[in-house]
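Residue strings, one per chain:
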Amino acid sequence: MPPVTRRDLLIGASASGVGAAVAGASGYQIASSAGASSQAEALAKQKAADATRVLDAKVPFYGQHQSGVELELQTFTSFVAFDADSHLNLEAFERWMLLLTDDIARLQSGEPVLADAQPQLALGPARLTVTVGLGPRIFDVLNIAALRPAGFAQIPKQKIDKLEERFSEGDLLLHISADDPIVLSHAQRALIRDSLAFGKVRWAQQGFANAQGVNPGGVRQRNLMGQVDGTDNPALGSEQFEKVVWIDAESTDQDWLIGGTQLVLRRIAMQLDTWDKLGRTEKEEVIGRNLENGAPLGKQNETDLPDFGARDESGLLHIPGFAHIRNASARTADEIFFRRPFNYEIGVSELGKPDVGLLWTAYARNLSKQYLPVQERLSKVDLLNLWTTPIGSSVWLIPAGVTVEGEMICSSLIAAAKLL
Amino acid sequence: MNKLTLAAAAALLATTALTGCTSSTPAADQTQSTVDEKKAALAIENGWVRVSEYSDHTGGMTGVFATVTNNTDTDITLVGGSAEIAQMVEVHEVVMSGGAMTMQKKEGGIVIPAGESVTLEPGGLHVMLMNLNKAILDGDQITLTLDFDGADSQTLTLPAKTSASGDETYNPEN
């Protein structure tokens, strides 16, 4: 709902002559009453609530799905991958999940973990989410290969790939995001500390999106090339999202994965120095969208559907054959997935060249059916490949959420494994 | 949802007898205090068992930490306990002795004053599981019973986890 303005409230209060209490769109409380002093008090409280609005916002931990997927981007993110100890067995894995579940439930509420070395840094929730993922190899480590979904494997090497091991693969993922970098750092430290008995950190990749209050809403944002990113995503909370992302009984050969999803994380480096040499028209033709508002070339609005056959008066295609969106767009109803990309920027070279790019993510019920055909098309024909290079790649199963206190993340996998 | 109308705002305030500016109403406060009255005489929260190189073998030992709250109006004393995993459960304190932090049995037990909380934490008051019957590993669920003077014994199941903090033999001068 549109936010209730302070003026509305004041009118409401005087009209009624008593007072008013209204829950604002973001969950905080606003109130005023007839007395001038309590009105002032109400405004002061409102102001105080506004001041910590970003900190106080909480994403529920308990739910059918894990949090951190069907959610507007947080400002800061960190993907931490572990290599499981070679002797990790199911019993130890269960102990790992028990600790992580307890930690995440506390951290998402803004509370310290048990045995927290820095409990003072649990400032508040700040929309913290921690999403746990499983890599393909952990099923071999745990000796439960029969429970790995059919076709779930690392993305086959694309000819554009220059993958580095320090950004690729892994057995267990903790995807941690928050709207505050200190809240994120504290959570990451606690979760890593509680994981070291079971594995070693393989890599950690940090990224960011817009600050809160910058984007009017939705997952789309501009990437560091200046392009509007995430335009034709399934809408959060929509039926399409449910069908594209969340696994149901019909879309998997593994019942334990119902309520979960699959994630591909690609670290895509951008060559901004050479990209900057292009003029605006060239940049727009590489993508197939205008840079002003993200509308497909030949159209007016960002959300207009691209017309790949449309030509201008001289007979040239509005959207050139080499344009990114021509091959990125779904060719069939199966080729739809949900993107939730963050940017990364790690320092600057002596010559001023920034190490920048995307922590590009896609979520789908089945990556090999929904994402892979699109990636393979883009690997062959996409002019954007001249300025972008995939340097990291990993795939993850995101199991269902924890619905009741006392259950743990991966409980359905553990139950299925015990029956093997 | 449509913008909240004046009528809706008025209706809200009619059903919400506001004393201040929060969602807390007198009615809600009443419910809360009813709950308070029913609260357990003794609340043990945020409990955990430490995993360290002292606990990873049979015969080892480790500490148990938690916040213990006395919701009654008389003092309660934590005097000891029992656990399947340990041959002995004792109540300990950490004191400065000869320039080193060393732990020792707390004579008379740990008093939780009426209406107050006592935090058992690394480097301070704690319960000690001694002469372990088996190793305690990260993520283990440890069941133990704590005995009190002035309250019923309480059986708890607590997670075990690694903590760097709490090596009572640590000597800051070294």
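### Some remarks on the overall build of chain B
Each helix and strand counted, chain B has 2 helices and 10 strands in total. Counting only residues that meet the buried cut, chain B has 31% of its 174 residues in that class.

### Comments concerning the overall build of chain A
Looking only at helices and strands, one finds 13 helices and 13 strands in chain A. In terms of overall size, chain A behaves like a compact globule, its C-alpha atoms giving a radius of gyration of 23 Å where 420 residues would be expected to give roughly 22 Å. The principal-axis extent of the C-alpha atoms belonging to chain A is close to 70 × 65 × 50 Å. Out of the 420 residues in chain A, the part that is buried amounts to 41%. Counting only contacts in chain A whose residues sit at least 6 apart along the sequence, the fraction spanning at least 24 positions is 72%.

### Some points on the packing of helix α4 (residues 90-108) of chain A against helix α6 (residues 181-193) of chain A
Residue and element names in this part refer to chain A. Between α4 and α6, whose axes approach to 10 Å, the crossing angle comes to 165 degrees. Regarding the angle of α4 to α6, the classification is roughly antiparallel. In this structure, α4 meets α6 at a crossing whose hand is right-handed. Along its contact with α4, which presents Leu100, Asp103 and Leu107, the element α6 presents Ala187, Ala190 and Leu191.

### Some words on the pairing of strand β5 (residues 100-105) of chain B
Pairing of strand β4 (residues 86-97) of chain B with β5(B) involves 6 bridges; the strand directions are antiparallel. For Val94(B), the partnering residue across the bridge sits in β5(B) and is Met103(B).

### Section: helix α9 (residues 280-287) of chain A
Think of an α-helix as 3.6 residues a turn; residues three or four steps apart then line up on the same face. Residues and elements named next belong to chain A. Here α9 has its buried residues at Glu284, Glu285, Val286 and Ile287. On its buried face, α9 is in contact with α10 (324-328). Two residues or fewer after α9 comes Gly288, characterised by a positive phi angle close to 95 degrees.

### A few points about unusual backbone geometry
Even without being a glycine, Ala126(A) presents a positive backbone phi close to 50 degrees. Positioned with a positive phi, Arg127(A) is a non-glycine residue whose angle comes to about 55 degrees.

### Comments concerning the nonpolar core
Residue and element names in this part refer to chain A. Counting residues in each nonpolar core, the largest one holds 106 residues, and the members touching the most others are Val130 and Ala187. The element best represented in this core is α4, accounting for 8 residues. Residues within four places of Ala187 in sequence aside, it is in contact with Leu107, Leu128, Val130, Ile176 and Ala178.

### Examining the confidence of the model for chain B
Residues and elements named next belong to chain B. Looking at chain B, the pLDDT average stands at 80 and 73% of residues meet or exceed 70. Confidence drops under pLDDT 50 across residues 1-37; counting only partners more than four residues distant or on other chains, this segment forms 42 contacts. Here residues 170-174 scores under 50 on pLDDT; set against residues more than four positions off or in separate chains, the count is 4 contacts.

### Concerning the confidence of the model for chain A
Model confidence for chain A is summarised by a mean pLDDT of 90, while 91% of its residues fall at 70 or above. When the criterion is pLDDT under 50, residues 1-33 of chain A qualifies, and its contacts beyond four places in sequence or with other chains add up to 75 contacts.

### Quick notes on the environment of Asp138(B)
Residues and elements named next belong to chain B. Mapping Asp138 onto the fold places it in the loop between β8 (126-132) and β9 (141-149). On the basis of neighbour counts, which here come to 20 C-beta atoms within 10 Å, the residue Asp138 falls in the buried class. As for Asp138 and Ser117, which are separated by 21 residues in sequence, their C-alpha atoms are 27 Å apart.

### Thoughts on the pairing of strand β2 (residues 62-70) of chain B
All names here are of chain B. Counting buried positions over the 9 residues of β2 gives 7, a clear majority of the element. Both strand β1 (residues 42-51) and β2 contribute to a ladder of 6 bridges, which runs antiparallel. The residue of β2 that forms the bridge with Glu45 is Thr67. Here 3 bridges tie β2 to β8, and the two strands are oriented antiparallel to one another. Of the residues in β8, the one forming a bridge with Thr62 is Leu129.

### Structural notes on the environment of Gln108(A)
Residues and elements named next belong to chain A. Along the chain, the position of Gln108 falls in helix α4. Residue Gln108 is classed as buried on the basis of its C-beta count, with 23 C-beta atoms lying within 10 Å. Taking the C-alpha atoms as reference, Gln108 lies 41 Å from Ala323; in sequence the two are 215 residues apart. Leaving out residues up to four positions away in the same chain, Gln108 has contacts with Lys58, Val59, Phe61, Ser67, Pro125, Leu128, Thr129 and Val130.

About the criteria used
- Residues numbered from 1 in each chain as written.
- Chains lettered and ligands numbered in written order.
- Predicted model: local features only at pLDDT ≥ 70, side-chain atom pairs only at ≥ 80, totals over all residues.
- Helix = DSSP H or I, 4+ residues; strand = E, 2+ residues; numbered from the N terminus.
- Buried ≥ 20, exposed ≤ 12 C-beta atoms within 10 Å, placed from the backbone.
- Rg over C-alpha atoms; globule rule 2.2 N^0.38 Å.
- Contact = placed C-beta atoms within 7 Å.
- Axes fitted to C-alpha atoms, helices over the stretch in contact; angles between N-to-C directions.
- Parallel < 35°, antiparallel > 145°, perpendicular 65-115°, else oblique.
- Left-handed = near helix turned anticlockwise from the far one by under 90°.
- Pairing = 2+ DSSP bridges.
- Core = buried A, V, L, I, M, F, W, Y, C linked by C-beta atoms within 7 Å.
- pLDDT = per-residue confidence, 0-100.

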